[in-house]
Structure formats: C-alpha cells, structure tokens
There are 2 protein chains.
Amino acid sequence: MANPRSRTRPARTGSGVTLQQVAEHAGVSLATASRVLHGSGTRTVGEELRRRVESAAEELRYISNAPAQALARSTSAVVGLIVHDVADPYFGAIAAGAMRAAREHRLMVMIAATFREPGLELEYLRGLRAQRARAVILAGSGTTDAAATARLAEEIAGFEADGGRVVCIGERDPELDTVAMANHAGGGLAVRGLWELGHRRIGVVSGPEELLTVSQRLDGARDALRSLGARLDPADVRTGDFTRAGGRAAAVRLLTERPDLTGVLVLNDVMAAGALAGLRDDLGLSVPDRVSVVGFDDVPFAADLRPSLSTVRLPLEAAGEAALRLLLDPAPDTPASPRRIPLDADLVLRGSTAAPPER
Amino acid sequence: MANPRSRTRPARTGSGVTLQQVAEHAGVSLATASRVLHGSGTRTVGEELRRRVESAAEELRYISNAPAQALARSTSAVVGLIVHDVADPYFGAIAAGAMRAAREHRLMVMIAATFREPGLELEYLRGLRAQRARAVILAGSGTTDAAATARLAEEIAGFEADGGRVVCIGERDPELDTVAMANHAGGGLAVRGLWELGHRRIGVVSGPEELLTVSQRLDGARDALRSLGARLDPADVRTGDFTRAGGRAAAVRLLTERPDLTGVLVLNDVMAAGALAGLRDDLGLSVPDRVSVVGFDDVPFAADLRPSLSTVRLPLEAAGEAALRLLLDPAPDTPASPRRIPLDADLVLRGSTAAPPER
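About the criteria used
- Residues numbered from 1 in each chain as written.
- Chains lettered and ligands numbered in written order.
- Predicted model: local features only at pLDDT ≥ 70, side-chain atom pairs only at ≥ 80, totals over all residues.
- Heavy atoms only, no water.
- Core = buried A, V, L, I, M, F, W, Y, C linked by side-chain atoms within 4.5 Å.
- Buried < 20%, exposed > 50% of the residue type's maximum accessible area, 1.4 Å probe, protein only.
- Contact = heavy atoms within 4.5 Å.
- Salt bridge = Lys/Arg side-chain N within 4 Å of Asp/Glu carboxyl O.
- Helix = DSSP H or I, 4+ residues; strand = E, 2+ residues; numbered from the N terminus.
- Axes fitted to C-alpha atoms, helices over the stretch in contact; angles between N-to-C directions.
- Parallel < 35°, antiparallel > 145°, perpendicular 65-115°, else oblique.
- Left-handed = near helix turned anticlockwise from the far one by under 90°.
- Nonpolar A, V, L, I, M, F, W, Y, C, P; charged D, E, K, R; others polar.
- Polar contact = N/O pair within 3.5 Å; in protein donor to acceptor, adjacent residues only side chain to side chain.
- Pairing = 2+ DSSP bridges.
- pLDDT = per-residue confidence, 0-100.

S.K.: What exactly am I supposed to notice about the nonpolar core here?
M.R.: Residues I111 of chain A together with I111 of chain B are the most contacted members of the largest nonpolar core, which totals 162 residues. The contacts of I111 of chain B, once residues within four sequence positions are left out, are V86, M99, V109, M110 and I111 of chain A together with L81, V83, V86, A95 and M99 of chain B. By size, the runner-up hydrophobic cluster in this structure holds 38 residues, among which are L125 of chain A together with M110, A112 and L152 of chain B.

Structure below.
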C-alpha cells in the first residue's frame, strides 16, 4: 500500500549536483555559471548564456546552497523590508512596489512586521544582519524616542559596516539614504483644501504622537492654519491608535467635545475609515453635510468608503520601488551626503468633503 | 569637519565576539548560550538563564552568524510565506496571523509574493530551499494546471527531503498538511442567504477559473442552488481578475447582459468593492434595492464599503496562525495521513443585501 507521505523520500533531488557539473552540462565556464546562478561578480551575462545555464541547472536539479554562498560572499540575495503592520494597506502598497522592483533583479524580499513595537524593529534588523541580508528598507515611521533612535542608529551603523545597505521610507535620520514622503506638505494641502471649501473650524484626529510621520503631518496642518491667519487649538486635536478602532474612538470624542468643528483631518486612511463609521453610526452626523472629513495616504479602498474618502494621496507603490532602486544604485564612491528622493503629495477630493453647513 | 556618513566606520560592532565569550560573560555553558541564541538543541532554557545570556550578548554586541549556523544545522529560523499579492487584504490578514504566532517562537517570517504567476511560486520555493528555510506556508490558491501542480509537488518533495516542512492554506494537495478554508461551504452559505431573502435569479461574479479557491467557491454556490431545486445557468456567471477592476468589469457585464438577476455573489471582497462601484457608478443600479450583493472573505474594509458589504466570513488571521502552529507542532513519527485543520465560514449580512424588488 502506498504511504501517502512517500513523496518525502530523499530521492530525485539534486543535492549532490555541483556547480561544476552544471557548468559542464551548459558548456560554459564555472565563473559564468556562478554569475548566472549566484549573481556573483560584476560582469553581466548575455541572455543566451543565461538561458543555457538555467536550463542545465533545471535539468540536473541543481540546488544552490545559499548559506554557503552567503558566507563566501558575506551577502545574500535577500532584501529585508521592515514595516509596522503587514495587514495595513499603507505598507501593503509600499511592499507591492518594492517587490515588483525586486523581481527584476531576482532578489527576494523578506518582509518583517514590528506591530509598532520599537524593540522589534531592532531585533529584526539584527536578525537580517545575522542572515547577511544585502540590504534593508525601513518603511515604518521613526519615533521621537531618542534612546530607541540611538540604539537603532548604532545597529544600522553595524549593518553598514558589514557591507549592508539601508534605505528609509520617510524621514528618519539625516545620515541615511531616504525616500522622503510629503507628510508635512500633505498636512498643509488637506487644511488648505478644507479652508477653500469654506471651513474655518478645523480639527485633527491624530495618531500616536511619538511617530515622526504623525508629528510631520500634524505640523503641516498647524503651519498651514497659521499661514491662513488661524491657529490649531490643541483642544481641537484628539489622538488615537493608527487603526480603524483608534480613529473611530478619537473622532467620536473630538466631535462630542468640540461640536462646532465642521472639518476634520484624519492622519491616515485606516483611521479615517473608523472616523466615518463613528460619525455616522455613533453620533448620527452626516458626512459631508454636517462635517467634512479628509484622510491621508489614499490607500486602495479609500474611494470605496461611505462616503468615498477625500484624502491626501501619497505615491505608496512608487515609494517602495524608489527605495529598492536606491538600494541597488551604487552609491557614489565618496558620498558628500546621503541621497534623498522626495515624492509629492496631492489632495484628492471625493464625497467626504463639501462646503460647511450654513449657520 | 565631520563626514556625515562617518557612522559607517567598522567600529563598535561585535563581529569578533564569539559565542564562547558570551557564555563566559553570562556564566553559562556554551550549549546553553547556543540554545538561547541559536535555538539549537531540543531542551528548553529557563527564563532566568535566557535573560542572562541575552543581556550578555547585548552587552558584548554579539552578532550570530546565521549562514554559518544554517549550514551547521541545515535549517534557519526563517519561515517562508508565499502569497499571491501582498497588497491584497486577504493575504495581509493571513500574514498578520502567521506573524503573530511566529513572534512567540522567535521565528522570522519571509513573505514572498508571486503576483499570481505560477512560475514564481516555484522559483520562490526553490529560493527558500536554497536559504535552508525551516518551513514554508503556501497561502495562495492551487491551480487546476496539472503540469504546474506536478512541478510544484516535486519541489515540495525536495524541500521536505531536506528536512523542511510545508503547510498549505486552502486545499491543494491531499498529501500535504492543510489548513482547510470553507470555500465550498461558504459558496453554499451565500446562495442560501440570498435565497432566504427571496432571490430566485442569482448570478455569480467569479475569479480566474484555474484557481482552486475559485472553483470550490463556485461549486459550492452551484451545489446549493441545485439542492434548492434551481440551477446556476453558465450565462449567469461572469469571470474577471481577482482585483477591484476585474470585479467591476465582470459585474457590469453580468448585469448588462442578464438584467433580470436580483442577487449576485462575488467570489472575493476586493472584486466585490469593484462590483459595488460598477453597479452604482457605471449602471446606476441601487444596491440593495435593485440588486443584492454578497462578497467573500470579510476583509477588514468590508464593513466600510458603500453600502456595507454582506459577505462570507473566513477566519483569515486564525488561518495564518493555525498554519504556523502546524509547522511547529511535531508531526507524528509515522504519520498515517497528512494533518488537516478545517476552519468554518459564516455568512455576515450587512447593508448590501435585502429582499428582491417587487416585480
């Protein structure tokens, strides 16, 4: 009787096949086979040779031994992407962009999620360093916690000293290559958009204050109001978790305690989804007739919300792609300063914004 | 003048610190230090010893050399999770569940996305095998492509022969440990829910037919209609990509060509978001007054759609968690048959379903 798990027999696998045998089978040099299968060396290999080597490896069932190669080269084809929350569409879109770009270069992207625990970011960075990862993209926001930032900077320095490369998405450390998101400018765009619709009482549903992304967006809103001759009263700001539930609770508190507000900026779209639900279902306030709501990020579902969400659009997939390209682009030999790719923000007006109600 | 990149100097990092030094500093045996820092051996280490070793490693800035360890143990602390699309909230939720469970075991989860190219799944599995990954979760749907399935089965057999473990989420191969999603039952639940509301003309917006997930959900709907004395006319089914745009186009075609339909089952929520937009904005059909719509999965934004989406809820985070626990649970020594964890589906009725319009 056939054992249903008999497929696990150690047969037919090419663990014993050497790179030399693959090279001979393909009729190429060992160096060429290594270049194709291990990405070693700096010279490129023509398409025809590449195909021959790959089909020889396929036929012989050659399995490259990645740990051995990583040891030899002290680097691997792994790029780490550290995010806060893999189920958050903001990071999903960034990851999709980075992965698309990685595919072109036959790199594997290892995504790790910290669930917003600052200690875990450090732990993952160490893990990736121990894996001899080639490069790391830090996609989560930096924090205002100076001690945590210093520990991370030290770990990054060690990673770079080992030959690894680090790119940040969002401002984090002026010494690091950065894909800069227009957080400050975006906060200003949202406030000006509401102002132009006629709103004069504008409040903010904010995220965790220790996140730099949050403070930059909030500062942008504050500075824009100031330049319009108004000011953001601290009592018009409520803080919640960067989650749907956090946005819902903070929005309900804000409009309960400050009922004269007519416009609300919510500092990310996931929170804004919760804010729309809370205003509608908990407070019975009509959006946009009674209150206008502007989100931040333009995640894929923003246009499908009830009502469709006006929001500050950040080019998330492009950010992931730009970060990966920055990692692969050789840095100048004697870098005068770290590189910085600034990305723009746009305000997208949809169904959640309108003129304020008549008095 | 300080060089802004001077942090990349190879100082202060513990590349030269050995495990022996860490063990001495902590006052423990080399074996204990290895157990704590490399997860080697099978004996567990008490919390107090663990803490001493970890703080010694921290103080000495010990960097474990993962490739060397992976070579020695032929396995690493990496679990691969292969998904179709990392920006799809279905996979985001599964990944979040798997990562939460992985954290408890100090494992790193490497997520790779195939963007639904069957060849890429094979390539990633090879890459993970070459990395000596300890285990792989295949979260994407299997396909009806027999040749691709056979190639994958062979690769899985090789991975297992090397000591790796594989778990599937969703039915895929009866020989593999599986977290079974209630795709067939869920298709039936949706149809019965619409039937009980009074719908007798029910159509389906379906995904790519070669995906097993799709055919199982569709079969469930078909079988339920048959058991109710009706039948699913092939002309009442339209197929699109498993994306928002795919769902929108297929729903618009379906309701244009079959205007007498009053209920539509859409085979995933991302497609359903597109279907709601298409029915509303392209055809001007009111949901649920003119057409009722039921989605599938209950992704986090389903309740926030316009109108809130009635859908078949699958326990996605629980599935990711269950898959990881299956990987870590030692398999019986002489497995009579692969293990199977079946998860339930529920029908959640929200704003997108109602009784059909009067004739």
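What follows picks up the thread again.
S.K.: What am I meant to see in the pattern of salt bridges here?
M.R.: Two side chains bearing opposite charge may form a pair once their charged atoms approach each other closely. Summed over all chains, the structure comprises 47 salt bridges over all chains. Of the charged contacts, one joins D177 of chain A and R339 of chain A as a salt bridge, the two residues approaching to 3.1 Å between their closest N and O atoms. Of this pair, D177 of chain A sits in strand β5 (residues 177-180) while R339 of chain A sits in the loop between α12 (316-328) and β11 (340-342), and the two are 162 residues apart along the sequence. Taken individually, D177 of chain A and R339 of chain A each receive the classification buried, so the pair is uniform in this respect. R325 of chain B is paired through a salt bridge with E104 of chain B; the nearest N and O atoms lie 3.5 Å apart. A residue pair is termed long-range when its members are at least 10 positions apart, and R325 of chain B in helix α12 (residues 316-328) and E104 of chain B in helix α5 (residues 89-104) qualify at 221 residues.

S.K.: Which parts of the structure should I look at to understand the packing of helix α1 (residues 19-26) of chain A against helix α3 (residues 47-60) of chain A?
M.R.: All names here are of chain A. Contact geometry of α1 with α3 gives a least axis separation of 8 Å together with a crossing angle of 120°. Comparing their axes, α3 and α1 come out oblique. Here α1 runs over α3; the crossing is right-handed. Contact residues: Q21, V22, H25 and A26 in α1; R52, V53, A56, A57, E59 and L60 in α3. Of the residues that constitute the contact of α1 with α3, the class distribution is six nonpolar, two polar and two charged.

S.K.: Looking at this model, I keep getting lost on the side chain of R217 of chain A. Mind explaining?
M.R.: All names here are of chain A. With respect to the element layout, R217 can be found in helix α9 (residues 212-227). The exposure class assigned to R217 is buried, which follows from its relative accessible area of 1%. A distance of 2.7 Å separates a polar side-chain atom of R217 from the backbone oxygen of L267.

S.K.: Quick question: what am I supposed to make of the sheet that holds strand β1 (residues 78-83) of chain A here?
M.R.: Residues and elements named next belong to chain A. Across the sheet, six strands lie side by side as β2-β1-β3-β4-β5-β11; this open sheet has parallel pairing. The open sheet has two edge strands with one neighbour each: β2 (108-113) and β11. The mean inter-strand angle of the sheet, taken between neighbouring strand axes irrespective of direction, is 15°. By the bridge criterion, four bridges tie β1 to strand β3 (residues 135-138) in an arrangement that is parallel. Residue I82 lies in a different strand from β3, and its bridge partner there is L138. Against the sheet, helix α5 (residues 89-104) engages β1, β2, β3 and β4 (165-169), with an angle of about 160° to β2.

S.K.: What am I meant to see in the packing of helix α10 (residues 244-257) of chain A against helix α11 (residues 269-282) of chain A here?
M.R.: To characterise two packed helices, one gives the angle between the axes of the helices and the distance between these axes. Residue and element names in this part refer to chain A. Their axes nearest at 6 Å, the elements α10 and α11 cross at an angle of 50°. When the axis of α10 is compared with that of α11, the two are oblique. The interaxial crossing formed by α10 with α11 has right-handed handedness. Counting all contacts with α10, which are made through R244, G246, G247, R248, A251, V252 and L255, the residues of α11 involved are V270, M271, A273, G274, A275, A277, G278, L279, D281 and D282. Here the residues of the contact of α10 with α11 are counted per class, giving nine nonpolar, four polar and four charged.

S.K.: Mind showing me how you'd approach the environment of A190 of chain B here?
M.R.: Residue and element names in this part refer to chain B. Here A190 is to be found in helix α8 (residues 183-196). Taking the C-alpha atoms as reference points, A190 and S310, separated by 120 residues in sequence, lie 9.1 Å from one another. Residues contacting A190, with those up to four places away along its chain left out, are L265, V294, V312 and L347.

S.K.: Help me understand the confidence of the model for chain A, please; the structure alone is not making it clear to me.
M.R.: Atomic detail in the predicted coordinates should be set aside for any region of low pLDDT. Summary statistics for chain A give a mean pLDDT of 86 and a share of 87% for residues scoring 70 or more. Confidence drops under a pLDDT of 50 for residues 71-75 of chain A, and excluding neighbours within four residues, the segment shows 14 contacts in the predicted structure.

S.K.: Just checking my understanding: could you explain the pairing of strand β5 (residues 177-180) of chain B for this structure?
M.R.: For a regular strand, the rule is simple: side chains alternate between the two faces of the sheet. All names here are of chain B. Where burial is concerned, the two faces of β5 agree: the one with D177 and V179 and the one with T178 and A180 are both buried. Taken together, the three bridges between strand β4 (residues 165-169) and β5 define a ladder with parallel strand orientation. Residue I169 lies in a different strand from β5, and its bridge partner there is V179. Where β5 and strand β11 (residues 340-342) come together, three bridges link them in parallel fashion. Note that in β11 the partner of A180 across the bridge is P342.

S.K.: Hey, could you run me through the sheet that holds β11 of chain B in this one?
M.R.: As a general point, the strands of a sheet are linked pairwise by backbone hydrogen bonds and lie either parallel or antiparallel. Residues and elements named next belong to chain B. Strand order in the open sheet formed by six strands is β2-β1-β3-β4-β5-β11, and the pairing between neighbours is parallel. Here the strands that pair on one side only, and so sit at the sheet edges, are β2 (108-113) and β11. Strand-to-strand twist of the sheet, defined as the mean angle between neighbouring strand axes without regard to direction, takes the value 15°. For strand β3 (residues 135-138) and β4, the ladder comprises four bridges, and the chain directions are parallel.

S.K.: Which parts of the structure should I look at to understand the side chain of D304 of chain B?
M.R.: Its location among the elements puts D304 of chain B in the loop between β9 (292-297) and β10 (310-313). Among the polar contacts listed, one links the side chain of D304 of chain B to the side chain of R244 of chain A, at a separation of 2.6 Å. Ignoring sequence-local partners within four residues, the contact set of D304 of chain B consists of R244, A273, A277, D304, L305 and R306 of chain A.

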